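Summary of structural features
Each chain, letter by letter, is given below.
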Amino acid sequence: MIWDQATIELRARNRGFHLITDEVLSQGPDLSNCQVGLLNLFLQHTSASLAINENADPDVRGDLERHFNVMVPEDQPHYEHVLEGPDDMPAHIKSVLVGASLTIPITAGRLALGTWQGLYLCEHRDRAGGRRVIATLQGRW
Amino acid sequence: MIWDQATIELRARNRGFHLITDEVLSQGPDLSNCQVGLLNLFLQHTSASLAINENADPDVRGDLERHFNVMVPEDQPHYEHVLEGPDDMPAHIKSVLVGASLTIPITAGRLALGTWQGLYLCEHRDRAGGRRVIATLQGRW
Amino acid sequence: MIWDQATIELRARNRGFHLITDEVLSQGPDLSNCQVGLLNLFLQHTSASLAINENADPDVRGDLERHFNVMVPEDQPHYEHVLEGPDDMPAHIKSVLVGASLTIPITAGRLALGTWQGLYLCEHRDRAGGRRVIATLQGRW
């Protein structure tokens with residue numbers, strides 16, 4: 001049985017939806033000896049999130065950012081948590097909507113992603129630092 | 001220890017929210033020998049999603065489809081990813097909102113679902129083909 | 001290898017977003033001997049949900065409740081599932097948006113939560129009873 005865990009330090013990014021598949025694979029646990037397994041990615045933050053979506057056209061990522069800003073706008077009269085800036089409370093709401101973790105199957109030493117699937121960091125703050133992800137691998141040889 | 005993995009080919013469905021519990025159980029790994037475990041279901045697509053909700057009144061599934069179309073309408077001026085049709089970008093956004101995977105506990109050889117819980121394929125495209133799910137079972141005898 | 005499972009009976013709460021980290025830790029499986037692992041929490045209900053977000057300022061939880069009510073209002077003309085009260089269909093939609101389960105890494109006998117992360121029960125009904133969570137622990141000594 002394989003159990004492995006690594007901390008991935010994602011570099012700081014601008015607000016928006018970003019492809020991080022390569023960064024996760026290069027810093028995460030070695031998958032190559034895992035025949036069948038699961039990789040759990042857990043973001044240790046409350047104003048960003050992890051998702052899986054289209055890895056090709058960057059317009060998809062731009063449209064996601066624009067549409068999430070429509071669904072969760074800044075400066076709403078019902079927001080009371082406002083001391084950390086107008087982008088802060090919307091960031092918490094987006095984080096709850098999208099979620100802080102992913103669990104991805106592994107087959108024959110690789111993530112079993114679909115052809116068009118990539119891993120996203122959804123950065124909901126205007127000026128965030130780097131983000132930390134705990135990557136936990138389990139499976140069998 | 002049990003590790004098993006199977007590919008589930010869901011038949012093509014119309015746009016909307018659909019119960020797939022039976023289809024998952026009939027094509028997925030055999031759960032009957034698993035005393036304690038987890039079943040992970042991972043959809044290899046970016047314009048559909050997996051969810052868990054009410055397995056009885058079909059009006060719930062109709063209302064979900066109608067309300068997601070209010071939250072994520074077609075033909076918005078901020079959409080730039082429009083070449084694949086007006087249903088495509090909303091499908092990506094809905095997929096990020098709902099998510100591509102589920103992890104369900106297993107107790108005494110069965111999914112430990114609540115009385116009213118069923119598994120949903122949320123099909124966000126107007127004319128999609130079949131959808132592929134990787135089902136990964138782990139647990140102990 | 002560790003496999004353990006426990007049923008957590010969350011006490012009844014008012015509609016809103018509630019911190020349940022302590023209740024989960026006190027009723028869930030013993031984590032102290034698990035060096036590397038994962039804890040899966042699965043809510044057996046379709047009108048509440050589980051999330052992770054800020055554990056400090058209670059205004060965040062109030063703002064979440066208020067904003068989810070804006071995104072998923074009661075009494076919409078497109079709702080057909082209305083027999084169980086005006087809060088019922090919105091509760092199902094919120095449950096699909098937020099999700100019924102969480103998977104959290106364990107490191108050295110503890111949940112590897114970020115500094116500001118707490119576990120939430122998101123109670124979407126006006127008058128719900130207690131809620132049941134299946135907690136499944138797996139890992140290595």
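The preceding data block contains the structure.
Throughout what follows, the structure given in this document is the object of discussion. Just so it is clear, the model here is predicted, and its values are computed rather than measured.

**Details of the interface of chain A and chain C**
As a measure of interface size, the accessible area lost when the parts come together is often cited. Chain A puts 28 residues into the contact, and the matching count from chain C is 34 residues. Summed over both partners, the interface of chain A with chain C comes to about 2600 Å²; 62% of that surface belongs to carbon and sulfur atoms. Counting across the interface, chain A meets chain C through 1 salt bridge. The salt bridge involving Glu-80 of chain A is made with Arg-66 of chain C; its shortest N-O contact spans 3.5 Å. Joining chain A to chain C, the criterion identifies 14 residue pairs in polar contact (both at pLDDT 80 or more). Mapped onto the side of chain A that touches chain C, the elements with two or more residues apiece are β1 (2–10), β3 (36–43), α3 (88–98), β5 (101–107) and β8 (131–140) of chain A.

**Some points on the relation of the copies chain A and chain B**
Once chain A is rotated about the relating axis by 120° and shifted along it by 0.0 Å, it coincides with chain B to within an RMSD of 0.0 Å. Each copy turns onto its partner about a three-fold axis. The position closest to the rotation axis in chain A is occupied by the C-alpha of Leu-97 of chain A, lying 3.5 Å away. Mapped onto chain B, only 15% of the interface residues of chain A are again interface residues, and the two copies thus contact each other with different surfaces.

**Quick word on the pattern of salt bridges**
Residue and element names in this part refer to chain A. With the rule as written, the count across this model stands at 30 salt bridges over all chains. Put simply, Asp-87 and Arg-125 hold a salt bridge, and the shortest N to O gap is 2.9 Å. A residue pair is termed long-range when its members are at least 10 positions apart, and Asp-87 in the loop between α2 (58–71) and α3 and Arg-125 in the loop between β7 (117–123) and β8 qualify at 38 residues. Comparing Asp-87 with Arg-125 shows no difference in burial state: the two are buried. Salt-bridge contacts for Arg-131 lead to Glu-123; the nearest nitrogen and oxygen are separated by 2.8 Å. For Arg-131, a relative accessible area of 7% puts it in the buried group.

What counts and what doesn't
- Residues numbered from 1 in each chain as written.
- Chains lettered and ligands numbered in written order.
- Predicted model: local features only at pLDDT ≥ 70, side-chain atom pairs only at ≥ 80, totals over all residues.
- Heavy atoms only, no water.
- Contact = heavy atoms within 4.5 Å.
- Buried area = accessible area lost by both parts, 1.4 Å probe.
- Salt bridge = Lys/Arg side-chain N within 4 Å of Asp/Glu carboxyl O.
- Polar contact = N/O pair within 3.5 Å; in protein donor to acceptor, adjacent residues only side chain to side chain.
- Helix = DSSP H or I, 4+ residues; strand = E, 2+ residues; numbered from the N terminus.
- Least-squares fit on C-alpha atoms with pLDDT ≥ 70 in both.
- Buried < 20%, exposed > 50% of the residue type's maximum accessible area, 1.4 Å probe, protein only.

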